[in-house]
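# Breakdown of the fold
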Amino acid sequence: MAENRASVYAEGVPCWVDAQLADVEAGKRFYGELFGWAFEDWFGSFAQALKDGEPVAALVRKVDGRLPTVWTVYFATPDAVALVRRVREAGGQIVSAPVPAGELGVTALVTDPEGAVFALWQPQEHPGFGRRHEPGTFAWAELYARDAEAADAFYGDLFQEALFGTDAEPDFGRAPVSDVFPAEMPPHFLVHFAVEDVPAALEDVLRLGGRVQAGPFEASYGTVAVVTDNQGASFALLHR
């Protein structure tokens with residue numbers, strides 16, 4: 001087991017990410033070369049990405065071409081049904097109600113009041129990341145919001161312990177949509193992956209058929225570049 005593996009992720013801690021792609025095999029080639037990931041067949045149509053033998057992400061084939069090509073961040077919870085209820089009471093929306101993913105856990109897809117989509121994960125056999133905060137693994141999730149005060153109130157109440165608890169080390173933050181993205185960009189979460197060298201990683205993204213959206217630029221949490229893969233899924237590269 002990896003040294004930095006968390007046996008239990010507290011509620012509100014980002015614990016998993018996956019990408020909805022039209023072509024999973026192309027995704028394997030892109031991310032496998034970019035981040036050094038290996039892959040194994042997993043639950044349903046998912047391909048689980050491994051870094052040094054530990055789970056770090058998943059790729060899944062889109063069942064409907066109209067669905068967005070996108071990375072989604074999952075937040076841990078001990079009770080997905082109860083958390084979905086709290087999301088709804090706080091003004092969020094339910095995209096898909098809690099449903100078992102075999103024996104792995106229970107998942108749900110929701111939005112905040114502004115429409116930013118995120119997922120919930122109630123672990124059973126699959127606790128989440130086996131590695132994080134190191135090159136080629138999840139490092140951060142940034143919420144791009146239009147109404148900063150509303151976002152702070154929503155997530156601050158929903159994930160209070162993870163954000164403000166005594167031992168809290170938050171893995172996500174908030175920024176205005178207009179800081180990096182076009183003004184018409186909807187509120188959303190941007191998944192960040194750690195790299196040792198952002199300029200070098202950008203060269204790899206371009207060589208593999210992706211493109212650069214913004215950066216590199218300095219953020220409060222490190223050096224960041226926003227990119228898309230060769231199928232249009234946006235994500236960020238981060239060096240701290």
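Up top you'll find the structure we're talking about.
Read on for a plain summary of the structure. (Residues numbered from 1 in each chain as written. Predicted model: local features only at pLDDT ≥ 70, side-chain atom pairs only at ≥ 80, totals over all residues. Heavy atoms only, no water.)

## Observations regarding the overall build of the chain
- Of regular secondary structure, the chain possesses five helices and 14 strands.
- By the compact-globule yardstick of 18 Å for 240 residues, the chain fits well, its C-alpha radius of gyration being 17 Å.
- Its C-alpha atoms give the chain principal-axis dimensions of roughly 45 × 40 × 40 Å.
- The 240 residues of the chain split such that 52% are buried.
- Across the chain, every contact between residues at least 6 apart in sequence was considered, and the portion connecting residues at least 24 apart equals 63%.
- Split by element, the accessible area of the chain, about 11,000 Å² in all, is 50% carbon and sulfur.
- Both charge centroids of the chain, one from 17 positive and one from 35 negative side chains, sit 6 Å from each other. (Helix = DSSP H or I, 4+ residues; strand = E, 2+ residues; numbered from the N terminus. Rg over C-alpha atoms; globule rule 2.2 N^0.38 Å. Buried < 20%, exposed > 50% of the residue type's maximum accessible area, 1.4 Å probe, protein only. Contact = heavy atoms within 4.5 Å. Areas by Shrake-Rupley, 256 points an atom, 1.4 Å probe, with all protein chains shown as cover. Lys, Arg positive; Asp, Glu negative; His and termini not counted. Charge placed at Lys NZ, Arg CZ, Asp CG, Glu CD.)

## Considering the environment of Glu54
- Along the chain, Glu54 turns up in strand S4 (residues 54-61).
- Its relative accessible area of 10% is what places Glu54 among the buried residues.
- As a C-alpha pair, Glu54 and Gly130 span 76 residues in sequence and 5.0 Å in three-dimensional space.

## Digging into unusual backbone geometry
- Cis peptide bonds are those with omega within 30 degrees of zero, and the linkage from Gly215 to Pro216 qualifies with 10°.
- Inspection of the secondary structure assignment puts Pro216 in strand S12 (residues 211-219).
- Of note, Asp52 is a non-glycine position whose phi angle comes to about 55°, a positive value.
- Tracing the chain through its elements places Asp52 in the loop between strand S3 (46-51) and S4.
- Of note in the backbone geometry, His133 takes a positive phi value of approximately 60° without being a glycine.
- In this fold, His133 is placed in the loop between strand S8 (117-123) and strand S9 (138-145).

## Here we look at the layout of surface pockets
- Approximately 1,100 Å³ is the volume attributed to the largest pocket.
- Around the largest pocket sit 44 residues that line it, and Asp18, Gln20, Val70, Thr72 and Leu109 are the ones nearest its centre.
- Counting only elements with at least two residues in the lining of the largest pocket, the list comes to strand S1 (14-21), S4, strand S5 (70-76), strand S6 (93-100), strand S7 (105-111), S8 and strand S11 (188-194).
- Sorting elements by how many residues they give to the lining of the largest pocket places S6 first, with five residues.
- Looking at the lining of the largest pocket, its residues break down into 29 nonpolar, 11 polar and four charged.
- Size it by volume and the second largest pocket reaches roughly 280 Å³.
- Counting residues per element, the lining of the second largest pocket draws most heavily on helix H4 (residues 160-164), which supplies three residues. (1 Å grid on protein atoms, 1.4 Å probe; cavity = no way out; pocket = protein on both sides within 12 Å on 5 of 7 lines; lining within 4 Å. Points joined across faces, edges and corners; volume = space filled by probe spheres on them. Nonpolar A, V, L, I, M, F, W, Y, C, P; charged D, E, K, R; others polar.)

## Regarding the nonpolar core
- Residues Trp71, Phe118, Tyr155, Phe159 and Phe235 are the most contacted members of the largest nonpolar core, which totals 63 residues.
- Membership of the second largest hydrophobic core comes to 13 residues, among which are Ala139, Val177, Ala214 and Val224. (Core = buried A, V, L, I, M, F, W, Y, C linked by side-chain atoms within 4.5 Å.)

## A short note on helix H1 (residues 24-35)
- Helix length check: H1 (12 residues) gives 16 Å between terminal C-alpha atoms against 16 Å at 1.5 Å per residue, within 8%.
- Of all 12 residues making up H1, nine are buried, and the element is well covered by its neighbours.
- What H1 keeps buried is the set Val24, Ala26, Gly27, Lys28, Phe30, Tyr31, Gly32, Leu34 and Phe35.
- Sitting at the head of H1, Asp23 places a side-chain oxygen 3.1 Å from the backbone nitrogen of Glu25.
- Among the residues trailing H1, Gly36 stands out with phi positive, at a value near 75°. (Expected span 1.5 Å × (residues − 1). Polar contact = N/O pair within 3.5 Å; in protein donor to acceptor, adjacent residues only side chain to side chain.)

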